[in-house]
Amino acid sequence: PSSSSQRPASTSMARKKVAIEYIASDPTRKATARKRDMGIKKKAGELSVLCGVDTCYIMYREGGASPPEVYPSVPEAMRVIDRFRSMPELDQCKKKMDGEDYVRERIAKIQEQLRRAQRDNRQLETTLLLHDTLVGRRQGLAGVAIEQLVSLGWMAESYVKKVSDCIAYRNMQQQQHAGVQAEPPHYGATVADMEAPPHQQL
């Protein structure tokens, strides 16, 4: 038998993504609250130890019948809260975030991701258009939007400049190898400047 057949089957399973919504089942909701309560307490403790910061955590249970869960202790939580309240109001609100602020921040991040994706797509479209034009798959540029023509011209000029810079650098290396003192090429020069390097014609 092959080694793959002898390999034990993986017992780990991919965790199912939990929908963030109200849990209708009472037993499931209460069990989730207990489990998440323990997890948040653990994270708060780790954050305090790792970063040397004061943390506290208060959770009121559903219905408000039982006393709230307080971490690490009621006196320590009161100390942290009093310290927060003693700060100037401007400092208190500096890092504060409510539901509306969170949604606004998420929208801004998604909009930035969309702008980046649109920019990358435009660059890929321009690269494909340039490639199809060079290999003859496209006859002319009729019907191409003016914005894409501008991007196409900029990309073509950029590639030509890179090629010219490489040719000038190769010529300089050849001249140095032959014992001729050549002036280092100016890589910011135009394409016309690079067509006839000093001391040697292409």
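Just so it is clear, the structure is predicted and the values come from calculations on it, not from any experiment.

1. Examining the overall build of the chain
So, step 1. Helix and strand counts for the chain come out as seven helices and two strands.
So, step 2. The secondary structure elements of the chain, listed N-terminal to C-terminal, are α-α-β-β-α-α-α-α-α.
So, step 3. Within the chain, buried positions represent 14% of all 202 residues.
So, step 4. Of all intrachain contacts in the chain linking residues separated by at least 6 positions in sequence, the fraction that spans at least 24 positions is 40%.
So, step 5. When the accessible area of the chain is evaluated, it comes to approximately 16900 Å², of which 58% is carbon and sulfur surface.

2. Concerning the pattern of salt bridges
So, step 1. All told, the structure shown has 18 salt bridges when counted by the stated rule.
So, step 2. We note a salt bridge from D54 to R79, for which the minimum N-O separation is 3.2 Å. Residue D54 is located in the loop between α2 (26-51) and β1 (57-59), and its partner R79 is located in helix α3 (residues 74-85); the two are separated by 25 residues in the primary sequence.
So, step 3. Residue R79 is classed as partly exposed on the basis of its relative accessible area, which comes to 37%.
So, step 4. When the shortest N-O distance is used, the salt bridge between R61 and E69 registers 3.0 Å.

3. A word on unusual backbone geometry
So, step 1. Following Y71, the chain continues to P72 via a peptide bond in cis, the omega torsion being 0°.
So, step 2. Mapped onto the secondary structure, P72 falls in the loop between β2 (69-71) and α3.

4. Re the side chain of R29
So, step 1. Examined against the element boundaries, R29 turns out to sit in helix α2.
So, step 2. Look at R29 and you get buried, because its relative accessible area is 14%.
So, step 3. A polar atom in the side chain of R29 sits 3.2 Å from the side chain of Y22.
So, step 4. Each residue touching R29, except ones within four places of it in the same chain, is listed here: Y22, I23, A24 and E62.

5. Describing a nonpolar patch on the surface
So, step 1. The grouping of M97, Y102, V103 and I107 at the surface amounts to a nonpolar patch, some 380 Å² of accessible area in total.
So, step 2. With respect to the helices and strands, the residue M97 is situated in the loop between α4 (89-94) and α5 (99-134).
So, step 3. Of the residues examined, M97 reaches a relative accessible area of 44% and is grouped as partly exposed.

6. Structural notes on the nonpolar core
So, step 1. L129, L130, V144, L152 and M155 form the largest nonpolar core, which has five residues in total.
So, step 2. Sorting the residues of this core by element identifies α5 and α6 (146-177) as the ones contributing at least two each.
So, step 3. L152 has contacts with T126, L129, L130 and L141, leaving out every residue within four places of it along the chain.

7. Comments concerning the confidence of the model for the chain
So, step 1. Looking at the chain, the pLDDT average stands at 79 and 80% of residues meet or exceed 70.
So, step 2. Across residues 1-5 the pLDDT falls below 50, and counting only partners more than four positions away or on other chains, this stretch makes one contact in the model.

Thresholds, definitions, all that
Residue positions within a chain follow its written sequence, with the count starting from 1. Predicted model: local features are reported for residues with pLDDT of at least 70 only, side-chain atom pairs are reported and counted for 80 or more only, and whole-chain, interface and lining totals are derived from all residues. Water and hydrogen atoms were dropped before computing side-chain values, which therefore reflect all heavy atoms in the structure. A run of H or I in DSSP counts as a helix once it spans at least four residues, and a run of E counts as a strand once it spans at least two, with each numbered from the N terminus. Burial classification: accessible surface area is computed with a 1.4 Å probe over protein chains only, and a residue below 20% of its type maximum counts as buried, one above 50% as exposed, and the rest as partly exposed. In this analysis, two residues are considered to be in contact whenever any of their non-hydrogen atoms come within 4.5 Å of each other. Accessibility throughout is a Shrake-Rupley quantity obtained with a 1.4 Å probe, and a residue counts as covered only by protein chains that appear here. Note on definitions: salt bridges are taken to be side-chain nitrogens of Lys or Arg within 4 Å of carboxyl oxygens of Asp or Glu. Here a polar contact means two N or O atoms within 3.5 Å. Within protein one must be a hydrogen donor candidate and the other an acceptor candidate, and residues neighboring in sequence count only if both atoms are side-chain atoms. Each patch is assembled from residues with relative accessible area greater than 30% and no salt bridge, linking like charges that lie within 9 Å and nonpolar side chains (Val, Leu, Ile, Met, Phe, Trp, Tyr) that lie within 5 Å. By nonpolar core we mean a set of buried residues, namely Ala, Val, Leu, Ile, Met, Phe, Trp, Tyr and Cys, connected to one another through side-chain atoms within 4.5 Å. Summary of the metric used: pLDDT quantifies the predictor's per-residue confidence within the range 0 to 100.

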